[in-house]
Amino acid sequence: MSSSVSVPASVPPVRVLLVEDDELMRRSFAVALERYGYAVTAVADGLAGLEAFRDGPQGADFDLLILDVMLPGLDGIGLCRRVRESSLVPVLMMSARGDGLDVVAGLEAGADDYVVKPVDTYVLVARIRSLLRRATYAPAEGAGTAPADGTAPPEGARLVFGDLVIDTGGLEVSLGGAPVALTPTELKLLLEFAAHPGIVLERHTLLRNVWDYGWDGDSRVVDLCVQRLRRKLGRDRIETVRGFGYKFRR
């Protein structure tokens, strides 16, 4: 399998900020991603990462952030929280531990996904591509929640669930008339729920449809993203169906 791809000159490269304190890993990841056509800025600690992120207006110079959890100065969890204060840029966390503590903390801080080191390049690139698809998500024609008669709404439907309004064309969400800022992953998860109101969605279904996992993934990413949605939209909006998954209330 080739480790490089051909990128048309007219297409600007995807800009990645990589924050990794291990010099060997930092160089290895940067070189590997550059071979896939990504433009990588690599720094060694959290404070340098925050400075690099802030060099652009609200991090606009980067399309994706890859943050190691264990960083000197400002760790990856703290860096993710600082980023989320001003930006919804996709964030992928890297953890060297498999005990779940880093995973939960990173996802609670606002990360979209995570990988456990050591990680193969093709796995890392697959996660990056999945995150970027969510960040540039556009609903297909006819996308949206199904009305009571089972027919699909027209493209760009305005879905109303009480005081929650979802504009599937403009990809905007408001609650009680106030806009709600959602990360790309949170938005795609909400659209998935809104497309199936009153229907129980299993975690593995959500992993496949939202996170693009073609394999069994960690359901904690679903659970933590649901928790973040509940904090933003209200705890009663998404119901837990124990042993099965989640159900979006009409």
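(A) A look at the overall build of the chain. Looking only at helices and strands, the chain has eight helices and twelve strands in total. Partitioning the intrachain contacts of the chain with sequence separation of at least 6 by distance along the chain shows that 62% fall at a separation of at least 24. Carbon and sulfur atoms form 52% of the exposed surface of the chain, whose accessible area is close to 12,100 Å².

(B) Spatial organisation of the packing of helix α1 (residues 23-35) against helix α5 (residues 121-135). Contact geometry of α1 with α5 gives a least axis separation of 11 Å together with a crossing angle of 65 degrees. In this structure, the crossing between α1 and α5 has a hand that is right-handed. Across the interface between the two elements, F29, A32 and L33 of α1 pack against T121, L124, V125 and I128 of α5.

(C) Representation of the pattern of salt bridges within the structure. According to the stated counting rule, one finds 14 salt bridges in the structure shown. A salt bridge links D163 to R237, with the nearest nitrogen and oxygen atoms 2.9 Å apart. A residue pair is termed long-range when its members are at least 10 positions apart, and D163 in the loop between β6 (158-161) and β7 (164-167) and R237 in the loop between α8 (220-233) and β11 (238-241) qualify at 74 residues. Taking relative accessible area as the criterion, D163 reaches 42% and is therefore assigned partly exposed. For R237, a relative accessible area of 16% puts it in the buried group. With a closest N to O distance of 2.8 Å, E186 and R228 form a salt bridge. Linking E186 in helix α6 (residues 184-194) with R228 in helix α8, this pair joins segments that are 42 residues apart in sequence. R228 carries the same exposure label as E186, and that label is buried. Each of the salt bridges in this network shares a partner with another, and the network as a whole consists of E20, D68 and K117.

(D) View of unusual backbone geometry. In this structure, P118 follows K117 across a cis peptide bond, with omega equal to 0 degrees. Within the secondary structure, P118 is located in the loop between β5 (113-116) and α5. A positive phi angle, near 55 degrees, is found at L171, a position not held by glycine. Secondary-structure assignment places L171 in the loop between β7 and β8 (172-175).

(E) Broad picture of the sheet that holds β8. One open sheet holds the four strands; their spatial order is β6-β7-β8-β9, and the pairing between them is antiparallel. What marks the edges here is a single partner per strand, and that holds for β6 and β9 (178-179). Where β6 and β7 come together, four bridges link them in antiparallel fashion. Considered in β7, the bridge of R158 is made with D167. In the packing of α6 onto the sheet, the strands contacted are β6, β7 and β8, and the crossing angle to β7 comes to about 105 degrees.

(F) Seen up close, the packing of aromatic side chains. In this structure the tally under the stated criterion is two aromatic pairs. With centroids separated by 5.0 Å and ring planes inclined at 90 degrees, the aromatic side chains of F161 and F248 adopt a geometry described as edge-to-face. Of this pair, F161 sits in strand β6 while F248 sits in strand β12 (residues 245-248), and the two are 87 residues apart along the sequence. Overall, the relative accessible area of 0% leaves F248 in the buried class. Judged by centre distance (6.3 Å) and plane angle (15 degrees), the ring pair of F193 and F248 falls under stacked. Residue F193 is located in helix α6, and its partner F248 is located in strand β12; the two are separated by 55 residues in the primary sequence.

(G) Region of interest: the environment of L92. Relative to the helices and strands, L92 is located in strand β4 (residues 91-95). Here L92 falls in the buried class, since its relative accessible area comes to 0%. Sequence separation between L92 and L124 is 32 residues, and the spatial gap between their C-alpha atoms is 9.4 Å. In contact with L92, other than residues within four places in its own chain, are L65, I66, L67, D113, Y114, V115, L124, R127, I128 and L131.

(H) Quick peek at the pairing of β7. Counting the residues in the hairpin turn of β6 and β7 gives two residues, including G162, whose phi is positive at 65 degrees. Where β7 meets β8, four bridges bridge the pair, whose relative direction is antiparallel. Paired with I166 across the strands is V173, a residue of β8. Joining the antiparallel neighbours β7 and β8 is a turn of four residues, in which L171 adopts a positive phi near 55 degrees.

The rules behind the values
- Residues take numbers from 1 onward in each chain, read along the sequence in its written order.
- Two thresholds apply to this predicted model, a pLDDT of at least 70 for residue-level local features and 80 or more for giving and counting side-chain atom pairs, whereas whole-chain, interface and lining totals are computed over all residues.
- In computing side-chain values, all of the structure's heavy atoms are included and hydrogens and water are not.
- The numbering of helices and of strands both runs from the N terminus, where a helix is a DSSP run of H or I of at least 4 residues and a strand a run of E of at least 2.
- By definition in these notes, contact holds between two residues if any of their heavy atoms fall within 4.5 Å.
- Residue burial considers only the protein chains on display, and all accessible areas are found by Shrake-Rupley using a 1.4 Å probe.
- Convention adopted: a line fitted to C-alpha atoms gives each axis, helices being fitted over their contacting stretch, and angles between N-to-C directions are expressed from 0 to 180 degrees.
- What makes a crossing left-handed is the near helix being turned counterclockwise from the far one by less than a right angle; a clockwise turn instead makes it right-handed.
- Each reported salt bridge corresponds to a side-chain nitrogen of Lys or Arg within 4 Å of a carboxyl oxygen of Asp or Glu.
- Buried residues are those whose accessible area, probed at 1.4 Å on protein chains only, stays under 20% of the maximum for their type, while exposed residues exceed 50% and partly exposed ones sit between those limits.
- Only strands joined by at least two bridges in the DSSP assignment are considered to pair.
- Aromatic rings from Phe, Tyr and Trp, with only the six-membered ring used for Trp, were paired whenever their centres fell within 6.5 Å, and each pair was classed as stacked if the ring planes differed by under 30 degrees, edge-to-face if by over 60, and tilted otherwise.

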